[in-house]
Amino acid sequence: MTHPWFEGVATPRVLAHRGLVTPDAARAGIVENSFAAVAAAHSAGAHYVESDCHRTADGVVVLFHDDDLSRVTGDPRRISDVTVRELEHLMAARGGIITLAQALNAFPTVRFNLDVKATDAATAVGTAIAPFADRVLVTSFSDERRRAALGAARAVGEASGRSIRPATSGGRGTIGRVLAAVSARSDRLVARALAGVDALQVPERQGRLRIVTPRLVAAAHRHDVEVHVWTVNAPDDMVRLVEMGVDGIVTDRADVALAALA
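No experiment lies behind these values; they were computed from the predicted model shown.

Visitor: If you had to explain the nonpolar core to someone new, which residues and values would you point to?
Guide: In terms of nonpolar packing, the biggest core is built from 58 residues, with Leu100, Phe112 and Ile129 touching the most fellow members. Setting aside anything within four residues of it in sequence, one finds Leu100 in contact with Cys53, Val61, Val62, Leu63, Leu114, Val125, Ala128 and Ile129. In terms of nonpolar packing, the next biggest core, distinct from the first, is built from 12 residues, Val62, Val72, Ile79 and Val82 among them.

This is how it looks when you write it as structure tokens:
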């Protein structure tokens with residue numbers, strides 16, 4: 001790959017899914033996407049941290065997966081309805097809230113894989129990541145949100161004279177077009193679907209549909225696109241997928257993956 005996000009780190013890549021929360025840390029009350037979880041992934045040796053972006057009521061982008069706080073903190077409010085100060089209080093005993101700006105600045109050697117979870121966060125995410133575009137991959141289930149974030153990053157970069165854009169992984173629409181093109185055995189359609197995309201980040205299966213196949217991996221590789229599979233926690237599955245040719249494993253247990261794939 002030509003984008004700096006991929007350079008200098010050998011495949012298979014281990015992407016720490018929402019940071020790293022070991023069983024001991026979980027028993028101590030640490031939760032995913034917290035400052036402590038990101039720090040634990042970094043400490044374990046993970047070069048990549050996968051996380052999610054929402055925007056608070058006062059406009060701060062934070063790393064948080066769900067739309068609301070109920071699963072993680074028991075508070076039913078939406079992220080967009082609370083301030084970052086309120087989040088700091090709620091997350092204080094859970095590993096600490098981490099803002100996108102804090103993540104990018106506090107962990108200067110970590111490469112982030114950021115999923116834009118909310119439409120109102122796309123522009124703010126793009127603006128924040130522009131100065132760090134060499135070590136950010138931006139994605140979203142929504143190609144529209146993904147492109148909005150990329151557009152905002154590009155605008156900030158052009159205004160400041162920076163030429164590097166963030167790397168990017170296709171959303172559901174892009175993935176659907178790639179799968180259809182692979183099924184039709186049309187390399188021309190595969191090339192069109194993968195235009196502007198650096199990686200495909202997909203589950204191995206979606207219900208009864210097998211997504212990750214040797215044919216998909218080969219098609220992506222022909223067009224210099226990597227395939228990363230989420231969320232894989234069993235070492236045997238990690239090894240099996242890597243032997244198939246997969247380039248990256250997104251996992252809740254980055255420590256286990258780093259050992260299994262060493």
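Visitor: With reference to specific residues and values, describe the environment of Thr22.
Guide: As for its placement among the helices and strands, Thr22 is situated in the loop between β1 (13-17) and α1 (23-27). Residue Thr22 is classed as partly exposed on the basis of its relative accessible area of 22%. Sequence spacing of Thr22 and Arg253 is 231 residues, and the spatial spacing of their C-alpha atoms is 7.2 Å.

Visitor: Help me get a handle on the side chain of His54, residues and values and all.
Guide: The residue His54 is located in strand β2 (residues 48-55) in this model. Here the side chain of His54 touches His65 through a polar contact of 3.1 Å, landing on its backbone oxygen.

Visitor: Outline helix α8 (residues 172-183), supporting the account with residue identities and numerical values.
Guide: Over its 12 residues, α8 runs 16 Å from end to end, which matches the ideal 16 Å to within 8%, given 1.5 Å per residue. Listed as buried for α8 are Thr174, Ile175, Val178, Ala181 and Val182. Considered in projection along α8, the buried side chains sweep an arc of 125° and stay on one side of the axis. The outward face of α8, more than 90 degrees from its buried face, is lined by the exposed residues Arg172 and Ser183. For α8, the secondary structure elements touched by its buried residues are α7 (143-160), α9 (187-194), β7 (199-203) and α10 (214-222). A positive phi of about 55° marks Arg185, the residue just after α8.

Procedures and definitions
- Residues numbered from 1 in each chain as written.
- Predicted model: local features only at pLDDT ≥ 70, side-chain atom pairs only at ≥ 80, totals over all residues.
- Heavy atoms only, no water.
- Core = buried A, V, L, I, M, F, W, Y, C linked by side-chain atoms within 4.5 Å.
- Buried < 20%, exposed > 50% of the residue type's maximum accessible area, 1.4 Å probe, protein only.
- Contact = heavy atoms within 4.5 Å.
- Helix = DSSP H or I, 4+ residues; strand = E, 2+ residues; numbered from the N terminus.
- Polar contact = N/O pair within 3.5 Å; in protein donor to acceptor, adjacent residues only side chain to side chain.
- Expected span 1.5 Å × (residues − 1).
- Arc of directions from axis to C-beta.

Remember that the coordinates give geometry; whether it matters functionally is a separate question.
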